[in-house]
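Architecture at a glance
Each chain, written out:
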Amino acid sequence: MSQSSFQRANTLKSAFLACNVEPLEPAEMERYYVDLSGVRKTSAIDNVSTILDFQDASDFTTILFTGHRGCGKSTELKKIQSLWENNYRVIYLEANEETDINDARYTDLYLIVIKQVEFELRKLGLTFNEKLLKSFESWFKEITQENEQSVEKSVNLEAEATLSPTAPFLAKLMVKLLAQIKGSDKQKTTIRQTLEKDLSRLKSDTNLLLSDAYTKLRQKFPDCKGLLIIFDNLDRVPPVVAEHLFFDYAAQMQELNCTIIYTVPISILCSPKNPLNQFDGNPHIVPMINIYEFERHQCDLKYNQMGLDVMASVIEKRVDIDAIFESRHQLLELAKASGGHVRQLMQMMRSACQTASTRKHEKIISEDIDYAVKQQQFSFERFIPEEHYAHLAQVCLTKNVSKDEIGQLMLFNTSVLEYNGDKRWNYPNPVVKRNEFFQQALQSAQKQ
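Small disclaimer: the values here were computed from a predicted structure and weren't measured.

**Structural notes on the confidence of the model for the protein chain**
For the protein chain, the mean per-residue pLDDT works out to 90, and 97% of the residues sit at or above 70. When the elements of the protein chain are averaged for pLDDT, helix H3 (residues 37-40) gives the smallest value, 74, and helix H22 (residues 430-433) the largest, 98.

**What about helix H18 (residues 342-358)?**
Spacing of three or four residues puts side chains on the same side of an α-helix, whose turn is 3.6 residues. Compared with the 24 Å implied by 1.5 Å per residue over 17 residues, the 24 Å span of H18 between its first and last C-alpha is a close match. Looking at H18, one finds that the buried residues are Val342, Gln344, Leu345, Met346, Met348, Met349, Ser351, Ala352, Cys353, Thr355 and Ala356. Directly after H18, the chain includes Lys360, whose backbone phi takes a positive value near 65 degrees.

**Details of helix H4 (residues 44-54)**
Along H4, the positions that sit buried rather than exposed are Ala44, Ile45, Val48, Ser49 and Leu52. Taken end-on, H4 shows its buried residues confined to a sector of 130 degrees, consistent with a single buried face. Next to the buried residues of H4 lie strand E1 (62-66), helix H5 (73-84), strand E3 (227-232), strand E4 (259-264) and strand E5 (284-285).

**Some remarks on the pattern of salt bridges**
In total, this model carries 24 salt bridges according to the counting rule given. Close ionic contact of Lys188 with Asp103 constitutes a salt bridge, the shortest N to O distance being 3.5 Å. Within this pair, whereas Lys188 is found in helix H11 (residues 185-196), its partner Asp103 is found in the loop between helix H6 (95-98) and helix H7 (106-123), the two being separated by 85 residues in sequence. What makes Lys188 buried here is its relative accessible area of 3%. Note on Asp103: relative accessible area 24%, which makes it partly exposed. Notably, a salt bridge pairs Lys141 with Glu148, separated by 2.7 Å at the nearest N-O pair. Lys141 sits in the partly exposed class, given a relative accessible area of 27%.

**Digging into the side chain of Glu418**
Position of Glu418 relative to the elements: it lies in strand E8 (residues 416-419). By relative accessible area, which is 2% here, Glu418 ends up buried. A polar contact is formed between the side chain of Glu418 and the side chain of Arg424, at a distance of 3.3 Å. Within the local environment of Glu418, its side chain forms a polar contact with the side chain of Asn426, the two groups lying 2.9 Å apart. In this structure, Glu418 is in contact with His68, Ile266, Pro287, Met288, Leu411, Arg424, Trp425 and Asn426, ignoring residues within four places of it in sequence.

**Notes on the packing of helix H20 (residues 388-398) against helix H23 (residues 436-447)**
In the contact formed by H20 and H23, the axes pass within 8 Å of each other and the chain directions differ by 60 degrees. The crossing of H20 and H23 is right-handed. Contacts between H20 and H23 involve Tyr389, Ala390, Leu392, Ala393, Gln394, Cys396 and Leu397 on the former and, on the latter, Phe437, Phe438, Ala441, Leu442, Ala445 and Gln446. Residues of the contact of H20 with H23, tallied by class, amount to 11 nonpolar, two polar and no charged.

**Considerations on unusual backbone geometry**
In the Ramachandran plot, Gln145 falls in the positive-phi region, its phi being about 60 degrees despite a non-glycine side chain. Relative accessible area serves as the criterion here: at 66%, Gln145 is assigned to the exposed category.

**Some points on the sheet that holds strand E2 (residues 89-94)**
Sheet architecture is open: five strands sit in the order E2-E3-E4-E1-E5, paired in parallel fashion. In this open sheet, the two edge strands, each paired with only one partner strand, are E2 and E5. Sheet topology places E2 next to E3; six bridges connect them, and they run parallel. Its bridge partner being in E3, Val90 is matched across the sheet by Leu228. Against the sheet, H7 makes contact with E2, E3 and E4, and its axis sits at roughly 130 degrees relative to E2, the strand it touches most.

**Considering the packing of aromatic side chains**
Aromatic rings in a pair are described by how distant their centres are and how their planes are angled relative to each other. Going through the model one piece at a time under the given rule, you end up with 19 aromatic pairs. When the ring of Trp139 is compared with that of Phe140, the centres are 5.1 Å apart and the planes differ by 80 degrees; the resulting orientation is edge-to-face. An identical accessibility class is assigned to Trp139 and Phe140; each is buried. On the numbers, 6.0 Å between centres and 50 degrees between planes, the contact of Phe246 with Phe279 is tilted. Here the residue Phe246 occupies a position in helix H13 (residues 239-248), and Phe279 occupies one in the loop between E4 and E5, the gap between them amounting to 33 residues. A relative accessible area of 5% means that Phe279 is categorised as buried. The rings of Tyr292, Phe294, Tyr303, Tyr419, Trp425 and Tyr427 are connected pair by pair, giving a single aromatic cluster. Taking NZ or CZ as reference, Lys141 lies 4.9 Å from the ring centre of Phe169, over its face.

**Describing the packing of helix H15 (residues 305-316) against H18**
Two numbers describe a pair of packed helices, the interaxial angle and the distance between the axes. H18 packs onto H15 with a crossing angle of 55 degrees between their chain directions and a minimal axis gap of 11 Å. When the interaxial angle is binned, H15 and H18 end up oblique. Classified by chirality, the crossing of H18 by H15 is right-handed. Here Met311, Val314 and Ile315 of H15 lie close against H18, whose contacting residues are Val342, Leu345, Met346 and Met349. Considering only residue class, the contact of H15 with H18 consists of seven nonpolar, no polar and no charged.

Criteria and cut-off values
Residues numbered from 1 in each chain as written. Predicted model: local features only at pLDDT ≥ 70, side-chain atom pairs only at ≥ 80, totals over all residues. Heavy atoms only, no water. pLDDT = per-residue confidence, 0-100. Helix = DSSP H or I, 4+ residues; strand = E, 2+ residues; numbered from the N terminus. Expected span 1.5 Å × (residues − 1). Buried < 20%, exposed > 50% of the residue type's maximum accessible area, 1.4 Å probe, protein only. Arc of directions from axis to C-beta. Contact = heavy atoms within 4.5 Å. Salt bridge = Lys/Arg side-chain N within 4 Å of Asp/Glu carboxyl O. Polar contact = N/O pair within 3.5 Å; in protein donor to acceptor, adjacent residues only side chain to side chain. Axes fitted to C-alpha atoms, helices over the stretch in contact; angles between N-to-C directions. Left-handed = near helix turned anticlockwise from the far one by under 90°. Nonpolar A, V, L, I, M, F, W, Y, C, P; charged D, E, K, R; others polar. Pairing = 2+ DSSP bridges. Phe/Tyr/Trp six-rings, centres within 6.5 Å; stacked < 30°, edge-to-face > 60°. Lys NZ or Arg CZ within 6 Å of the ring centre and 35° of its normal. Parallel < 35°, antiparallel > 145°, perpendicular 65-115°, else oblique.

What follows is the structure, encoded as structure tokens:
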């Protein structure tokens, strides 16, 4: 559907619904997608596409993709999925749906890969080599003490979309083990300790299955370059878990025989351990949309009109501005308060729609915008530790976040935002700058 034939939201209720914070699905791309690469000053998608293009069918690559939560990574990853689904068999998955995201281990990721690849083959009418499958199943039965009967009793076929009565034992076992990993700590610990007794066998058998899947795919689709697995939402792991995954187990994360894109928490870029140095190639960063005129030594930055207009276009793509806002001025005030963070913009837009409707306003007016921005500000005030405000003031003055635990936490919780392009720099979230504790800390820092 072309933009001209698409009816944009023209009531407060429809605008609220249209500004959903969820990532765009492939079917929504034409209607809602806005190419933000120009104002992000980065070309993360193009760089990833070049890697996928240059890669031969027999090659495997591990690609790291990062950015603040809510900056639009998932939408960009789904764009990559759409762009490359004719060249690769793409498996897009959300890591938090598959395992305990607050305590993820690389062995969990191996189990997820086995489960997802088996399901993908089954969708295509393909199966793993029977000899390989039986060997792997026998080993898993031996180490987990599970059998067909114990697994059948535990797995709810109706609740698990990837299963069917004809699914092999291995698929059902993976579903059971991953469910247990997401469940009790005791079961999770037992499963991991069991697998870790013979990690080399887990890795070698997983890779045998992946190589078999590659062969089957190439036989059915000669132009297919192989499997591309996208692990989205892995950037939601806490900093300490991220360091464990991407530093302690960097080698294991890169040893699977398929091409994988891992999302990585942006906070890990400021880890003194520099864990990502253990990966081939630099991480591909989706930074904030730059709405500022960058001046290193200027405390309060001026706004960049082009950046604000592009930020506003994310809403304009979905909403009839003349019907919803008293004037475009209110939309630009929202763009300023977003800091270039797409999800924050959407959250405040939805809040403004609700407020205007509750207050019986025909359109969104300035007091509705003020209320929406304050609600976002209050949300940050509830979780920012008081000791962080002195550090936030330093970020405002230096445009640089500290390379320590506090710096990582401030990036992780988006109280500090990352901008990129010709220069890499940081700046406090604009709603945090409104806070009185921040203002006091800034005045103290400026007197020193």
